[in-house]
Amino acid sequence: MFYLNAQVKVSGIVVDGNGEPIPFTNIIFKGSTQGTISDENGKFYLQSDVSYKQLEVSFVGYETNVIPLKKENYDLTIVLKETSDQLGEIVVYSGKIKKKGNPAIAILKKIWKNKRKNGVYMYDKYQYDRYEKIEFDLNNVDEQIMEAKIFEGMEFAFAQIDTSDITGKVYLPVFINESVSKIYGKNFYPKTENTKLLANKNSGYSNNQRIISFIKQLYVEYNIYDNNLLFFDKKFASPLSRVGPEIYNYVLTDSAFIDNKWCFNILFYPRRKNELTFKGDFWVNDTTFAIKEIQMYATKGANINWVKDIYIEQEFNVLNDSIFLLKRDYLMTDFSWNRKDESKGIYGRRTTLFDNYIFNLDQPDLVYKKYVHEEDIVYKRSDEYWQKNRQEALTENELGIYEMLDSLQDVKRFKQINRLGEMLASGYWNFTPGFSFGHLSSTFGYNDVEGFRLRLGARTFFTNEDKWRVKGYIAYGFKDQKFKHGIEGNWLLKKENRLILSAGTRKDIEQLGVSLTTANDVLERSFATTSIFTYGDNTKLSNINLTNVKATLEPIKNLTFRISSTYKILESTNPEVFNVDYFDENGDIQSRINQVDASFAVMYNYNRNISGLGVERRIGNEGRYSTLYFSYTKGIKNLFNSDFDYHKLQFFYQQPIAIGGLGRLITTLEIGKTINPVPLLLLSIVPGNQTFFTSKKLFDLLAYYEFVTDQYIALHLEHNFNGRIFSRIPLLRKLQWREIIGIRGVVGSISKENILLNAPSNVPLNAPEELYWEYHFGIGNIFKFIRIDFEYRGSYRDVPNATKFAVKGGFGFYF
């Protein structure tokens, strides 16, 4: 085995005279600025390539203890004695430090005052080079893992075992990705920053772009000067936040020269448990009050799933004796099922280096435009290019990792693991080159008309970057004994502006009216149609025969235009229980609709992160970006015997709002209007939900077709506190449950002309002319996967057979 040849490795625990652990103690190699902070249980690990001879351990209210170091490896129990000698005016009580008269807070206030005077924010325009390296490793590797059958044929990989200099744990690399980018930004209106990817290279799961996309999107950019730092969809309070003194204790511990600049060292740790906070220390310059170095660890009680540890380290460079620019950013995450020290998991490590800063250089506006596509050459750079453009050369061990991971590509067992990971991520089984089965989640279904339903789907698939793709399926209902089918093809015609042509057709059974905002997607089928877990009457289903052609264009990143035309035939699957008859222009009753329409739509997804060069791309930050959508649809009468001439306008806006440490609010607004009379199946149905699962875009206590409108306004508000309240309750704190509240409302109307057009039916045409609303309280993160909501109807409670209260659940993967 190969281990990093560190000169000194020290681990252990810090305790008081009674043997009780002392959390957040400052541990440093004496005579250096290299150190760490003990965790909530007093434990620590520290490593250095330099042969330091002494270890200094200190904490306010205790005597400093200096331990001699005479060998390479230590496992120590360090005892600190209490003392009455305290730092200036600071008073220690129950681990908290008074804010009044604290010199560390006085320095913190000067950091706030000067934060906009440092870095790239001082200039109108800026540009710089960025090199990023992301590595994933199996950790806590032991003999049991090495002998596991799953690694049969891959034993040679264990030659690359290494030891973390942050935790001291043994790990095995399984993935590495490198990228080189040029950043362009400006600080005046319209303020913008553009990242142009110049090169990308990876090994390990190199062909599994979905996994790669997921891994890269785990890490987002952050600024330590911000009040909150976003990690894994959770907002942590920054130690440099303006409300930091209410959240953290600060201690001025030391001062020293760093790169010929006199700096103060400030230790920080949280005032309360179980909040999204850090512990650590930073060095700050005594004149500019800019951060020179910072290291911090997420507190172990933080309410975040699948993450045992987060470690962050940043270094800043000095420019012109006054400006500090980010030089190096290192982030390490320990992903694990639980937080026990011995539990096995995965390290995620990101190293980012910054160089070649240039300010106020005149550049064409084009460089600030966010690119829609990436050039193919980005993924095909030569070894010579990488040697020249890496800001930090790969170590001999890292080069060995590339060779080892490349060799694994030829191992049968590794290929099997790779395919399994891809199937779980995509929902498709790539059983042969060029062809895959799926989506697997749609294989089985049930409804009152079809009974048990079996569906077999497939798609063409050669690589993740295919310029064209065809999808299709065939399904059979064992009760109605009928086959259904659908097929659609998409072709990326022009990659520069993402011009995509699409055509498809589908003949199937559908539960219409489960979304106010519709787009006529050919193969999309609502969950309500095939749900096995439904209640109440589920017979209001429609036969749909739909053919659609469309073209989409993305001239600016995340701004998409679409034109399309649809021909569809709609009718009830069972007229005796679901009557959708209407009067034609001659006064005769008709039960079938032939309709041709043309539509135009525009959608903007602000801050959406998307990857891929092919016709299908992958969204990396689902649920974390805002969406603005508008569409206009024109019904065309007489063309191909089309029945109706109408206009339909639809508007959709969804905005997630992170509210500091109080969680996240998701707001959704929908507005629509249909002009000219149309039958029931072309109107806007307020979407009900007769499944046992909650849904953000549906009204959970409404039945299907309970409300029908030709104009409407709907608003959905849901706030997840991310455990902020439960973390203050001792009996609930350890469960790490998360509180959810929400309210939904809709108001709308239906014209007299529409009511008269539709024939008498067992589906009453009622509209929510007075506000319909419902509200819910929920508990999320039960066993990390489960959510339970308690739903209450706020109005229309006296409607016959109205659902006034329900308990609904949900499942999901949450950090």
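Keep in mind it's a predicted model, so treat the numbers as computed, not measured. (Residues numbered from 1 in each chain as written. Predicted model: local features only at pLDDT ≥ 70, side-chain atom pairs only at ≥ 80, totals over all residues. Heavy atoms only, no water.)

> Quick question: what am I supposed to make of the overall build of the protein here?
Secondary structure summary: the protein contains 10 helices and 46 strands in total. Relative to the 2.2 N^0.38 estimate, which gives 28 Å for 815 residues, the radius of gyration of the protein is 30 Å and therefore close to what a compact globule would have. Overall, the C-alpha framework of the protein stretches about 100 × 60 × 60 Å when taken along its three principal axes. Each of the 815 residues in the protein was classed as buried or not, and the buried ones make up 53%. Here the analysis covers contacts within the protein between residues at least 6 apart in sequence; of these, 63% occur between residues at least 24 apart. Accessible surface computed for the protein: about 37,600 Å², of which carbon and sulfur atoms make up 56%. Counting 102 positive and 96 negative side-chain charges, the protein places the averaged centre of each group 2 Å from the other. (Helix = DSSP H or I, 4+ residues; strand = E, 2+ residues; numbered from the N terminus. Rg over C-alpha atoms; globule rule 2.2 N^0.38 Å. Buried < 20%, exposed > 50% of the residue type's maximum accessible area, 1.4 Å probe, protein only. Contact = heavy atoms within 4.5 Å. Areas by Shrake-Rupley, 256 points an atom, 1.4 Å probe, with all protein chains shown as cover. Lys, Arg positive; Asp, Glu negative; His and termini not counted. Charge placed at Lys NZ, Arg CZ, Asp CG, Glu CD.)

> Quick question: what am I supposed to make of helix H7 (residues 412-426) here?
At 3.6 residues per turn, the α-helix brings residues three or four places apart onto the same side. Its 15 residues place the ends of H7 21 Å apart at the C-alpha level, agreeing with the 21 Å of an ideal helix rising 1.5 Å per residue. Downstream of H7 by a residue or two, glycine 427 has a phi angle that is positive, lying close to 85°. (Expected span 1.5 Å × (residues − 1).)

> For this particular structure, what's the right way to read the nonpolar core?
Side chains of nonpolar character tend, in soluble globular proteins, to be buried together. Counting residues in each nonpolar core, the largest one holds 54 residues, and the members touching the most others are Ile111, Ile224, Phe231, Phe236, Phe278, Phe282 and Ile291. Apart from the residues within four sequence positions on either side, phenylalanine 231 is in contact with Tyr222, Phe236, Phe278, Ile304, Ile312 and Leu331. (Core = buried A, V, L, I, M, F, W, Y, C linked by side-chain atoms within 4.5 Å.)

> What is the right way to look at the sheet that holds strand S3 (residues 35-37) in this model?
Neighbouring strands of a sheet are bound in pairs by backbone hydrogen bonds; such pairs are parallel or else antiparallel. Ordered in space as S3-S2-S5-S6, the four strands form an open sheet in which the pairing is antiparallel. The open sheet has two edge strands, S3 and strand S6 (65-68), and neither has a second partner. Each adjacent strand pair in this sheet contributes to an overall mean axis angle of 20°, direction not counted. Relative to strand S5 (residues 54-58), strand S2 (residues 26-29) runs antiparallel, the two sharing four bridges. Across the sheet, residue isoleucine 28 finds its bridge partner in S5, namely glutamate 56. (Pairing = 2+ DSSP bridges. Axes fitted to C-alpha atoms, helices over the stretch in contact; angles between N-to-C directions.)

> Can you help me understand the environment of glutamate 20 in this one?
Counting through the fold element by element, glutamate 20 comes out in the loop between strand S1 (8-15) and S2. According to the relative accessible area criterion, glutamate 20 is partly exposed, its value standing at 48%. Considering only alpha carbons, one finds glutamate 20 and glycine 42, 22 residues apart in sequence, at a separation of 8.6 Å. Non-local contacts of glutamate 20, meaning those with residues more than four positions away in its chain, are made with Val14 and Val15.

> Sorry, what's going on with helix H6 (residues 396-408) here?
The first and last C-alpha atoms of H6 sit 19 Å apart over 13 residues, in line with the 18 Å expected at 1.5 Å per residue. All of the buried residues in H6 are Asn397, Glu398, Gly400, Ile401, Tyr402, Met404, Leu405 and Leu408. The secondary structure elements touched by the buried residues of H6 are strand S10 (125-139), strand S11 (162-163), strand S12 (170-186), strand S13 (192-203) and H7.

> Mind showing me how you'd approach the confidence of the model for the protein here?
The predicted coordinates of low-pLDDT regions are not to be read in fine detail. Confidence in the prediction of the protein, expressed as mean pLDDT, is 86, and 93% of residues score 70 or more. Under a pLDDT of 50 for its full length, residues 1-5 has, in the predicted model, 14 contacts with residues more than four places off or in other chains. Every residue in residues 85-94 is under pLDDT 50, and counting partners more than four places away or in other chains gives 15 contacts. (pLDDT = per-residue confidence, 0-100.)

> Would you take a moment to explain the side chain of serine 58 for this structure?
Residue placement: serine 58 occurs in strand S5. Residue serine 58 is classed as buried on the basis of its relative accessible area of 14%. Aside from chain neighbours lying at most four places away, what touches serine 58 is Thr25, Asn26 and Thr64.

> Can you walk me through the sheet that holds strand S7 (residues 73-79) in this structure?
The three strands are arranged S4-S1-S7 in an open sheet whose pairing can be described as mixed. Edge strands, defined here as strands with exactly one partner in the open sheet, are strand S4 (43-48) and S7. Put simply, the sheet's adjacent strands are angled 20° from each other on average, direction ignored. Both S1 and S4 contribute to a ladder of six bridges, which runs antiparallel. Each residue of the ladder has a partner; that of isoleucine 13, found in S4, is lysine 43.

> Can you walk me through the packing of aromatic side chains in this structure?
Two measures describe an aromatic ring pair: the distance that separates the ring centres and the angle between the ring planes. All chains considered together, the criterion is met by 48 aromatic pairs. The structure contains a cluster of three or more aromatic residues connected by ring pairs, namely Tyr123, Tyr126, Tyr128, Phe354, Tyr357 and Phe359. Above the ring of tyrosine 402, the side-chain terminus of lysine 201 is found at 4.8 Å from the ring centroid. The positively charged end of arginine 381 is found above the aromatic ring belonging to tyrosine 385, 4.6 Å away from the centroid. (Phe/Tyr/Trp six-rings, centres within 6.5 Å; stacked < 30°, edge-to-face > 60°. Lys NZ or Arg CZ within 6 Å of the ring centre and 35° of its normal.)

> Looking at this structure, how should I read the pattern of salt bridges?
Oppositely charged side chains can form a pair if their charged atoms are brought close together. Counting across every chain of the model gives 34 salt bridges. For arginine 390, the salt bridge goes to glutamate 178, with nearest N and O atoms at 2.6 Å. Here arginine 390, found in the loop between helix H5 (383-389) and H6, pairs with glutamate 178, found in strand S12; they are 212 residues apart in sequence, far enough to count as distant. In this structure, the salt-bridge partner of lysine 201 is aspartate 383, at a minimum N-O distance of 3.7 Å. Of this pair, lysine 201 sits in strand S13 while aspartate 383 sits in helix H5; the two residues are 182 residues apart in sequence, bridging distant segments of the chain. Take lysine 201: its relative accessible area is 23%, and that puts it in the partly exposed class. Residue class for aspartate 383 comes out partly exposed when judged on its relative accessible area of 47%. Taken together, the shared-partner salt bridges in this structure form one network comprising Glu450, Arg453, Asp480, Lys484 and Asp508. (Salt bridge = Lys/Arg side-chain N within 4 Å of Asp/Glu carboxyl O.)

> Explain the environment of serine 164 to me, please; I cannot follow it from the model alone.
Along the chain, serine 164 turns up in the loop between S11 and S12. A sequence separation of 247 residues divides serine 164 from valine 411, and the C-alpha atoms of the two residues are 27 Å apart. Not counting the four nearest positions on each side in its chain, serine 164 is found in contact with Tyr45, Gln47, Lys169, Tyr171, Met332 and Tyr347. In this structure the side chain of serine 164 is engaged in a polar contact, spanning 3.1 Å, whose partner is the backbone nitrogen of isoleucine 166. (Polar contact = N/O pair within 3.5 Å; in protein donor to acceptor, adjacent residues only side chain to side chain.)

> I keep staring at a nonpolar patch on the surface and nothing clicks. Help me out?
On the surface, Phe444, Tyr446, Phe452, Leu454, Leu456, Ile474, Phe478 and Phe483 cluster together to form a nonpolar patch covering roughly 810 Å² of accessible area. At the level of secondary structure, the elements contributing two or more residues to the nonpolar patch comprise strand S25 (444-447) and strand S26 (451-461). It is S26 that provides the largest number of residues to the nonpolar patch, a total of three residues. (Patch = residues over 30% accessible without salt bridge, like charges linked within 9 Å, V, L, I, M, F, W, Y side chains within 5 Å.)

> What am I meant to see in the side chain of serine 684 here?
Following the sequence through the fold, serine 684 ends up in strand S40 (residues 684-685). Note on serine 684: relative accessible area 5%, which makes it buried.

> Mind showing me how you'd approach the pairing of strand S42 (residues 711-720) here?
In the case of a regular strand, side chains alternate between the two sheet surfaces. Across 10 bridges, strand S39 (residues 664-675) lies against S42 in antiparallel orientation. Paired with glycine 672 across the two strands is tyrosine 712, which belongs to S42. With 10 bridges joining them, S42 and strand S43 (residues 738-749) adopt antiparallel strand pairing. For histidine 719, the partnering residue across the bridge sits in S43 and is isoleucine 741.

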